[in-house]
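Architecture and fold: a report
Residue-level listing of the chains:
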Amino acid sequence: MAEYLSVEAARPLPGLRLVVTAHVPGLWSEACKSLFDAKGVSYRLVEQVVGGDNLALKKWTAQTSGPVAIWNDERPRSTWIEQLYLAERIAPDPRLIPEDMADRMLMFGLCNELCGENGFGWNLRLRATNRGLNDPNASEMTRALVPMLALKYNYDPALLEPARAQQRQIVSALRDHLRDQQEHGREYLIGDDLSALDIYWAAIAGSIDPLPHELCPNMPPDMRAGYTDPELFELGGGALFAHRDRIYRKYLKLPMDF
């Protein structure tokens, strides 16, 4: 299993430190790690405690969630787009933001539908919160954690239907875009080269079809069950998930270590 530093131990250190949700394959945390893995940038993992008060983290980063990327003594970066730009600056090769403006605009729009507020991951959390609040057999940890998430992220059951619609829309859009790319002899979701969209999709896809046990051995069984979505898997189609597998094999770390 991965080794984590405490916030107090990590704060004075030089180099790249990634504060991540510890011991589970959180979508944003895995995506953030994968940006730097694809570029061969080493980092130290710092523990963000799920459901904890994380007071030391708040003092350092002005918030209590993960992931956060901190490079040397620069300001903490706690949003996906800031983390991407930091990765590009630290290690320009391979480039993950397309040079072509049209490709760049398309990539950022699709990435935001995956990673941004009211995007796929945000809506996944909303739906998971709803399940936890309404599950009479929820574990003790779930019963303690879910009300905190509901309060923190302004849970509203009226948003469940539009949230699911957004998830269907972005999976369909990626499916169709990959098909068009492949029909033109291209291997990636944007242009002719790897981009951040390939990496963010690889991370997000694990919430629809988790990597098999031998590649993701420490995933809790209840999390694996919750991260299995037959409807979206069928909607996305085999090619889209085969693309995820290829990105992991070629660019990212396997087996996953969290």
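Let us look at the structure shown here. Positions within a chain are numbered from 1, following the residues in the order the chain's sequence is written. Given that the model is predicted, a residue must reach a pLDDT of at least 70 before its local features are reported, and side-chain atom pairs must reach 80 or more before they are shown or counted; all residues, however, enter totals for whole chains, interfaces and linings. Here the side-chain values reflect all heavy atoms present in the structure, with hydrogen atoms and water set aside.

**Thoughts on the packing of aromatic side chains**
Rule in force here: The criterion for an aromatic pair is that two Phe, Tyr or Trp rings (for Trp, the six-membered ring) have centres within 6.5 Å, with stacked assigned to planes under 30 degrees apart, edge-to-face to planes over 60 apart and tilted to the rest. To qualify as a helix, a DSSP run of H or I must reach at least 4 residues; to qualify as a strand, a run of E must reach at least 2; elements of each kind are numbered from the N terminus. Under the scheme applied here, a residue whose accessible area is under 20% of the maximum for its type counts as buried, over 50% as exposed, and between as partly exposed, the area being computed with a 1.4 Å probe on protein chains only. Two thresholds decide whether a charge sits over a ring: the Lys NZ or Arg CZ must be within 6 Å of the ring centre and within 35 degrees of the ring normal.
Tallied over the entire structure, the rule returns seven aromatic pairs. Here Trp122 and Tyr153 contribute two aromatic rings whose centre-to-centre distance is 5.7 Å and whose plane-to-plane angle is 85°, an arrangement assigned as edge-to-face. Taken together, the residues Trp122 in helix H6 (residues 120–133) and Tyr153 in the loop between helix H7 (140–152) and helix H8 (160–183) connect sequence positions 31 residues apart. The exposure class assigned to Tyr153 is partly exposed, which follows from its relative accessible area of 21%. An aromatic cluster of three or more residues is present, and its members are Trp80, Tyr85, Phe108 and Tyr200. Stacked on the ring of Tyr153, the Lys or Arg Arg125 has its end atom at 3.4 Å from the ring centre. Of note, Arg246 hangs over the ring of Tyr188, and the distance from its end group to the ring centre comes to 5.0 Å.

**Points about H6**
Here is the rule we go by: By this rule the span expected of a helix is its residue count minus one, scaled by 1.5 Å. The contact criterion used throughout is that any non-hydrogen atoms of two residues lie within 4.5 Å.
Between its terminal C-alpha atoms H6 stretches 20 Å, which fits the 20 Å expected from 14 residues at 1.5 Å a residue. Of all the residues in H6, the buried ones are Phe120, Gly121, Asn123, Leu124, Arg125, Leu126, Thr129, Asn130 and Gly132. Those residues of H6 hidden inside the fold are in contact with helix H2 (27–39), helix H5 (101–115), H7, H8, helix H9 (196–205) and helix H11 (230–236).

**Brief notes about the environment of Val20**
Following the sequence through the fold, Val20 ends up in strand S1 (residues 16–21). In this structure Val20 comes out as buried when scored by relative accessible area, which is 1%. Counting along the chain gives 20 residues from Val20 to Gly40, while the straight-line C-alpha distance between them is 18 Å. For Val20, the residues in contact, after removing those within four places along its chain, are Tyr4, Ser29, Lys33, Leu45, Val46, Glu47, Gln48 and Pro67.

**Considering H7**
One full turn of an α-helix is made of 3.6 residues, so residues set three or four places apart face in the same direction. The first and last C-alpha atoms of H7 sit 19 Å apart over 13 residues, in line with the 18 Å expected at 1.5 Å per residue. Among all positions of H7, only Leu145, Val146 and Ala150 are buried. The inward-facing, buried residues of H7 contact H6. Two residues or fewer past H7, Asn154 is found with a positive phi of approximately 55°.

**Observations concerning the pairing of S1**
Which entries qualify depends on this criterion: Two strands form a pair only when DSSP identifies at least two bridges running between them. By convention a crossover is right-handed if, when the strands point away from the viewer, the path from the first strand over the helix to the second runs clockwise.
With respect to burial, S1 is a largely interior element, six of its six residues being buried. The alternating pattern of S1 places Leu16, Leu18 and Val20 and Arg17, Val19 and Thr21 on opposite faces, both of which are buried. With five bridges joining them, S1 and strand S2 (residues 44–48) adopt parallel strand pairing. Each residue of the ladder has a partner; that of Val19, found in S2, is Val46. With H2 bridging S1 and the parallel S2, this β-α-β connection has right-handed handedness.

**Focus: empty space enclosed by the protein**
The cut-off we apply is this: Within this scheme a cavity is a closed region of a 1 Å grid, computed over the protein atoms alone, that accommodates a 1.4 Å probe without allowing it to escape, whereas a pocket is open but has protein on both sides within 12 Å along at least five of seven lines; lining residues each have an atom within 4 Å of a point. Grid points are joined across faces, edges and corners, and a volume is the space filled by probe spheres set on the points.
In this structure the tally under the stated criterion is one cavity of 30 Å³ or more. Space inside the largest cavity adds up to approximately 120 Å³. Around the largest cavity sit 16 residues that line it, and Pro25, Ala203, Gly206, Tyr248 and Met256 are the ones nearest its centre. Those elements giving two or more residues to the lining of the largest cavity turn out to be H2, H9 and helix H12 (238–251).

All we've got here are geometric facts, nothing functional implied.
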